[in-house]
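Fold and contact review
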Amino acid sequence: MSGPLAEVLDGQRQADLRRAARALLKEPLLTADGPYPDEFPLVRRHVAELREWFERNTGWTLRTDADAARLRKTPGTLTDATHPAREAVRTALPFTRRRYVLLCLTLAALERGESQVALGRLAEQVVLAAADPELVAAGITFTLERRDERIDLAAVVRLLLRLGVLRRVAGDEDAYVSGSGDVLYDVRRRVLAGMPASLRGPSTVEAEDFEGRLVEMTAQTALDSDELRFRAIRWKLTRRLLDDPVLYYDDLTDDELAYLTRQRGFITARINELTGLVAEVRAEGIAMVDPLDDLTDVRMPEQGTHGHITLLLAGHLVRAAGPVAPADLASRVRELAVEHGSFWSKSAREAGAEPELVEQALTKLVALGLAERTERGVVPRPALARYAVGEPVVREPGPVRRPAVTPDTTMKDER
């Protein structure tokens, strides 16, 4: 087939493929009845092309069945702790160490259990598993008799509900937390089986320290040829461009920087073709900007009190001559409250609220690659320059992706 109709059909196919890829990047465990029900059939339809692209460019595997599609992602930066799992409720609190342990124990209990389970029964199994001597030696204990422990288990269950591992049949988690009721769930075993994303099963890992276990769980085959080494570099760079807000050249090894210098156009073009992300190339690094503004878990600027304070502190950090201590940022928040407090929530204006407001702002700035914490204080990173306040300039508005480096930044353009 050729002509205008063929062009229309090819354009629709490419658009559907892009929608499917973006859905997997936003929700690597995608279910038929989850957050993206319209995109799930597109993933199934284009699974061969998607699988080939991700395996070739990132080393991620894609598996699908009638219930779920699982993109097994390995982060480009294994030590980045700025994007934790979050509670699937309005507060969206980040998972603590205890909640992560509870999540692993819960998954293990579900794997050994039946196709239906009550939350009370699941809690009993978690308590038994938590009695493991190694957990006790690590200072981790659970009785689930205290309310805060039950709240943590409820947060884990709600995350599994959002991911599609569990389906609520009757009851409510709040009733379990208060001790006034129980909850019954269906366990979706196929979705449960897709939860682990490591290259090897945790039970086969022999290292005892965290760093060693992480290396073993993510290690590739021995890189005994130039071709394999270049492939590993391509995977890492593509992963970081897809997942990280900004890829700074200073964060790369000499081999990675040399490879990116040679292959930058090819790598960014491949990402653009699949996802629609547009490369912003600067002297300090690269950011893949999203014109649709939805491939992100952290946004800036953002509405509300905390978003406003974060933006104001960003401008303050850009103008700073050197590292800024958190205490100095708290003092700045007190000054800003005098000028802007009428637009803030009541709690943000209360005396003593400044350290928490600063911490929330810094958490976002660090997660977006806009600042970093050092022993000397908070240091701005180059992409933060886009939030510098200068003379008013009329520009066409447009959405950006975290933390999009756009042409109005003072970062030097290398072109």
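Predicted model only: the values in this text are computed from it and were never measured.

Cut-offs applied
Residues numbered from 1 in each chain as written. Predicted model: local features only at pLDDT ≥ 70, side-chain atom pairs only at ≥ 80, totals over all residues. Heavy atoms only, no water. Phe/Tyr/Trp six-rings, centres within 6.5 Å; stacked < 30°, edge-to-face > 60°. Lys NZ or Arg CZ within 6 Å of the ring centre and 35° of its normal. Salt bridge = Lys/Arg side-chain N within 4 Å of Asp/Glu carboxyl O. Helix = DSSP H or I, 4+ residues; strand = E, 2+ residues; numbered from the N terminus. Buried < 20%, exposed > 50% of the residue type's maximum accessible area, 1.4 Å probe, protein only. Patch = residues over 30% accessible without salt bridge, like charges linked within 9 Å, V, L, I, M, F, W, Y side chains within 5 Å. Areas by Shrake-Rupley, 256 points an atom, 1.4 Å probe, with all protein chains shown as cover. Lys, Arg positive; Asp, Glu negative; His and termini not counted. Charge placed at Lys NZ, Arg CZ, Asp CG, Glu CD. Pairing = 2+ DSSP bridges. Core = buried A, V, L, I, M, F, W, Y, C linked by side-chain atoms within 4.5 Å. Contact = heavy atoms within 4.5 Å. Axes fitted to C-alpha atoms, helices over the stretch in contact; angles between N-to-C directions. pLDDT = per-residue confidence, 0-100.

1. Some details on the packing of aromatic side chains
Under the counting rule described, the total for this entry stands at 4 aromatic pairs. Aromatic rings pair up to connect Trp-53, Phe-54 and Trp-60 into one cluster. One Lys or Arg, Arg-99, reaches over the ring of Phe-95 and ends 5.9 Å from the middle of that ring. Directly above the aromatic system of Tyr-387 lies the positively charged group of Arg-386, at a separation of 5.0 Å from the ring centroid.

2. Description of the pattern of salt bridges
Within this structure, the stated rule accounts for 31 salt bridges. Put simply, Glu-27 and Arg-162 hold a salt bridge, and the shortest N to O gap is 2.8 Å. Here Glu-27 is found in the loop between helix 1 (4–26) and strand 1 (29–31), whereas its partner Arg-162 is found in helix 7 (residues 147–163), with 135 residues between them in sequence. For Arg-162, a relative accessible area of 39% corresponds to the partly exposed category. The partner of Arg-146 in a salt bridge is Glu-149, and the shortest N-O contact between them spans 3.6 Å. Residue classification places Arg-146 among the partly exposed residues on the basis of a relative accessible area of 43%. Residue classification places Glu-149 among the buried positions, given a relative accessible area of 1%. Residues participating in the shared-partner salt-bridge network are Arg-98, Arg-99, Arg-146, Asp-148, Glu-149 and Asp-152.

3. A short note on a negative patch on the surface
A surface patch of like charges, here negative, comprises Asp-132, Glu-134, Glu-208, Asp-209 and Glu-211. Here Glu-211 is to be found in helix 10 (residues 210–218). Look at Glu-211 and you get exposed, because its relative accessible area is 54%.

4. A look at the pairing of strand 6 (residues 183–187)
Residues Val-183, Tyr-185 and Val-187 line the buried face of strand 6, whereas the alternating positions Leu-184 and Asp-186 sit on a face that is not buried. Relative to strand 6, strand 4 (residues 116–118) is paired through 3 bridges, and the arrangement is antiparallel. In the strand pairing of strand 6, Ala-118 is matched with Leu-184. Across 5 bridges, the pairing between strand 5 (residues 166–171) and strand 6 is antiparallel. Paired with Leu-166 across the two strands is Val-187, which belongs to strand 6.

5. Quick word on the nonpolar core
One finds Leu-110, Leu-119, Leu-160, Val-165, Leu-166, Tyr-176 and Tyr-185 to be the most contacted residues of the largest nonpolar core, which totals 38 residues. Elements represented by at least two residues in this core include exactly helix 4 (97–112), helix 5 (119–130), helix 7, helix 8 (173–178), strand 6 and helix 9 (189–193). The element that contributes the greatest number of residues to this core is helix 7, accounting for 8 residues. For Val-165, the residues in contact, after removing those within four places along its chain, are Leu-110, Leu-160, Asp-186, Val-187, Arg-188, Val-191, Leu-192 and Met-195. Grouped together as the second largest cluster of nonpolar side chains are 35 residues, Ala-69, Leu-241, Leu-242 and Tyr-249 included.

6. What to know about the sheet that holds strand 5
Working definition: the strands of a sheet are paired by backbone hydrogen bonds and lie parallel or antiparallel to each other. Spatial strand order, 4-6-5: 3 strands in an open sheet with antiparallel pairing. Whereas interior strands pair on both sides, the edge strands pair on one side only; in this sheet they are strand 4 and strand 5. Within this sheet the neighbouring strands show an average axis-to-axis angle of 25°, counted without direction. On top of the sheet, helix 7 reaches strand 5 and strand 6; it is set at about 120° to strand 5, its chief contact.

7. Describing the confidence of the model for the protein chain
Taken as a whole, the protein chain shows an average pLDDT of 88; of its residues, 92% reach a score of 70 or greater. In the model, residues 391–395 has pLDDT below 50 throughout and makes 1 contact with residues more than four positions away in sequence or in other chains. Across residues 397–415, confidence stays below pLDDT 50; counting only partners more than four residues off in sequence or on other chains, it has 69 contacts.

8. Here's the deal with the pairing of strand 9 (residues 285–289)
Counted residue by residue, strand 9 has 5 buried out of 5 residues, so it is predominantly covered. The two faces of strand 9 match: Gly-285, Ala-287 and Val-289 on one face and Ile-286 and Met-288 on the other face are all buried. When strand 7 (residues 247–248) meets strand 9, the two strands line up antiparallel, connected through 2 bridges. What sits directly across from Leu-247, in strand 9, is Ile-286. Across 4 bridges, strand 8 (residues 278–281) lies against strand 9 in antiparallel orientation. Considered in strand 9, the bridge of Val-281 is made with Ile-286. Hairpin connection of strand 8 to strand 9: 3 residues between the antiparallel strands.

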